[in-house]
Structure formats: C-alpha cells, structure tokens
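One-letter residues, chain by chain:
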Amino acid sequence: MRILKERDYFAEGQIECEMIHGIFFVLLAFLFIWLGSLIWWASPLFFVGAILLFYLGLKAFNNSIKWRRGIEGKKKVTDALKELDDSYILINGALLPRKGGQVNHVLLGPAGIFVITTKNYGGSLRCYGEDWFKKGRIKEYQIRSISNQAKIYTQDIKDVADDVHADDYPIKKVESVLVFTNPNVKLDLYKPTVPVITVGKLCDFIKSSQSEISLPPNILSDIADTISVSYTHLRAHETSLHL
C-alpha cells in the first residue's frame, strides 16, 4: 500500500496548541496566587481567578491527551491497512475542501474509495440507526451522531472524486466506514446507517468489498493528488498566517 500522506499535521498542531494554552493558563494562575498574597484586600478575587485558570489549564492538557490518543488510533488503522498491496493509496488526515474539517483516512484502490472515520472510544456504546448512546457511570446518555458525521465527510470526498474525469468514470458510490480502535470498546449495534467495525477486521472488510465500477490506477492517482493538493494549499495558508 502506498501512503500519500502519513503524518497528521493538523492533529499534531492541535496537540501543540493545547499544550501551549495549558502552560499559559497554569503560569497565569500562579501569577494570580502571587498577586493575591501581595494585595491582601483583593486576594479573594485573585484566588478565584487562579482556580478558574487552573481549570482552563487542566482542560487544555486533557484536550491534548485526547488528540494524542486520536493519533494513536489513526496509527492503528494505518498499520492494519499495510497488508494491502500497492494498488491501494492511503491519505491520512485528509482535509475537506468544501465543508471544512478533516477526515481521518481516505483509501483508494481496486475495491473502491473508502472514507474511514476513526474513533478511540472505550466503554459501552449503543447505536440505534442514526443515534448513538454512551454508557456513563450512572446512566446512558446520547452523544453526537458519529454515523452522520462520517456520511458528511464521505459526501465531500465523493464531490471531489466526481470532479476528476467524471464523464469517463462516474463515481457512483464512496463507501463510508466507521472504525473503532480502542480494544476496550463494547458495541451494541442495531441497524447502523454506515458499516461499523473494529480495527482488527478493517483489512478483511476492504478486501471483501466490491466496487460498482473499477477505476484505473491513473484515475485513482488523480483523485488522491486532488485531495492532497487541497491539503497542501491549506497548509501553505496556515503557514503564511504564522509568519
């Protein structure tokens, strides 16, 4: 399998950003504590502010941990797909050119085009059609529909694919796949609207899939390059903003 873009620079940037925010808030909290010790009449306000800043700092650190776990989950997907031969092309961290946002993986090959959304959830999850629920410590609560999220990402990638040689090779379908990477997840599925599998079964799922139309390697490469160009332009734009 050819990996067109292996590193997820977007997620790595988010980790760095959250770490900087966390350090900033914690240092500012210590400054508030010091000022509170000097200005006794305003010390209650400074101490309350310090508590709030500590909370924001811990929240930022926690967000960075979530992003790091997400990268680890994406790496598991990449490793699982390395069994595929070089007729497949993998793009990690593909940026959506039309609606914005990021899809974890786009896989192109003889079996079709797959938009893979990766989740690192642990614990018990229940899917009822389009709706998703997570079991908490006390009760079950509804979470955002990750099925709907996956389908939105898939439609955007399909729109990009349709723009490449659409007249000669119409893209009838781009497959959306929802992959869970945490070994401790427990899934209770009832009529999910997209395929839901664990990472260990992903490669077999891809190999067993049948495409409605077989796309030549050059067309697949053109589609992959188009997605990567969108990514490159956005990276260049982000870099220019930091200069």
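Residues numbered from 1 in each chain as written. Predicted model: local features only at pLDDT ≥ 70, side-chain atom pairs only at ≥ 80, totals over all residues. Heavy atoms only, no water.

Chemist: Account for the sheet that holds strand 7 (residues 140–143), naming residues and giving values.
Modeler: Read from one edge of the open sheet, four strands run 7-6-5-9, paired in mixed fashion. Each edge of the open sheet is held by one strand with a lone partner, namely strand 7 and strand 9 (185–190). Averaged over all adjacent pairs, the angle separating strand axes in this sheet is 25 degrees, with direction ignored. Two elements, strand 5 (residues 123–128) and strand 9, share six bridges in a ladder whose sense is parallel. Across the sheet, residue Leu-125 finds its bridge partner in strand 9, namely Leu-187. (Pairing = 2+ DSSP bridges. Helix = DSSP H or I, 4+ residues; strand = E, 2+ residues; numbered from the N terminus. Axes fitted to C-alpha atoms, helices over the stretch in contact; angles between N-to-C directions.)

Chemist: Quick one: what's the story with the nonpolar core, residue by residue and with numbers?
Modeler: One finds Val-103, Val-106, Leu-108, Ile-113, Ile-223 and Ile-227 to be the most contacted residues of the largest nonpolar core, which totals 21 residues. No other element matches helix 5 (residues 217–242), which puts five residues into this core. The contacts of Val-103, once residues within four sequence positions are left out, are Gly-93, Ala-94, Leu-96, Val-115, Ile-116, Tyr-153 and Ile-157. Within the second largest apolar cluster, 19 residues are counted, among which are Val-77, Leu-81, Leu-84 and Leu-202. (Core = buried A, V, L, I, M, F, W, Y, C linked by side-chain atoms within 4.5 Å. Buried < 20%, exposed > 50% of the residue type's maximum accessible area, 1.4 Å probe, protein only. Contact = heavy atoms within 4.5 Å.)

Chemist: Describe in detail unusual backbone geometry, supporting the description with residues and values.
Modeler: With glycine set apart, most residues show a phi of negative sign, and most peptide bonds adopt trans. The phi angle at Lys-191 is positive, at roughly 50 degrees, despite the residue not being glycine. Inspection of the secondary structure assignment puts Lys-191 in the loop between strand 9 and strand 10 (196–198). Classification of Lys-191 as exposed rests on a relative accessible area of 61%.

Chemist: Any chance you could break down the packing of aromatic side chains for me, citing the residues and the numbers?
Modeler: Working definition: an aromatic ring pair is given by the centre-to-centre distance plus the angle between the planes. Counted according to the given criterion, the structure contains six aromatic pairs. Judged by centre distance (5.4 Å) and plane angle (90 degrees), the ring pair of Phe-30 and Phe-54 falls under edge-to-face. With Phe-30 in helix 1 (residues 9–38) and Phe-54 in helix 2 (residues 43–81), the pair connects residues that are 24 residues apart, well separated along the chain. In this structure Phe-54 comes out as partly exposed when scored by relative accessible area, which is 27%. Aromatic side chains Phe-32 and Phe-46 sit 5.6 Å apart centroid to centroid with 85 degrees between the ring planes, which places their arrangement in the edge-to-face category. In this pair, Phe-32 is assigned in helix 1 and Phe-46 in helix 2, connecting sequence segments 14 residues apart. (Phe/Tyr/Trp six-rings, centres within 6.5 Å; stacked < 30°, edge-to-face > 60°.)

Chemist: Please give an account of the pattern of salt bridges that cites residues and values.
Modeler: Applying the stated rule across the entire model yields five salt bridges. Across the salt bridge formed by Lys-75 and Asp-79, the nearest N and O atoms sit 3.0 Å from each other. Linking Lys-75 with Asp-79, this pair stays in helix 2, spanning four residues, or about one helical turn. Classification of Asp-79 as partly exposed rests on a relative accessible area of 35%. Close ionic contact of Arg-126 with Glu-140 constitutes a salt bridge, the shortest N to O distance being 2.7 Å. Pair noted here: Arg-126 is in strand 5 and Glu-140 is in strand 7, with a separation of 14 residues, a long-range link. (Salt bridge = Lys/Arg side-chain N within 4 Å of Asp/Glu carboxyl O.)

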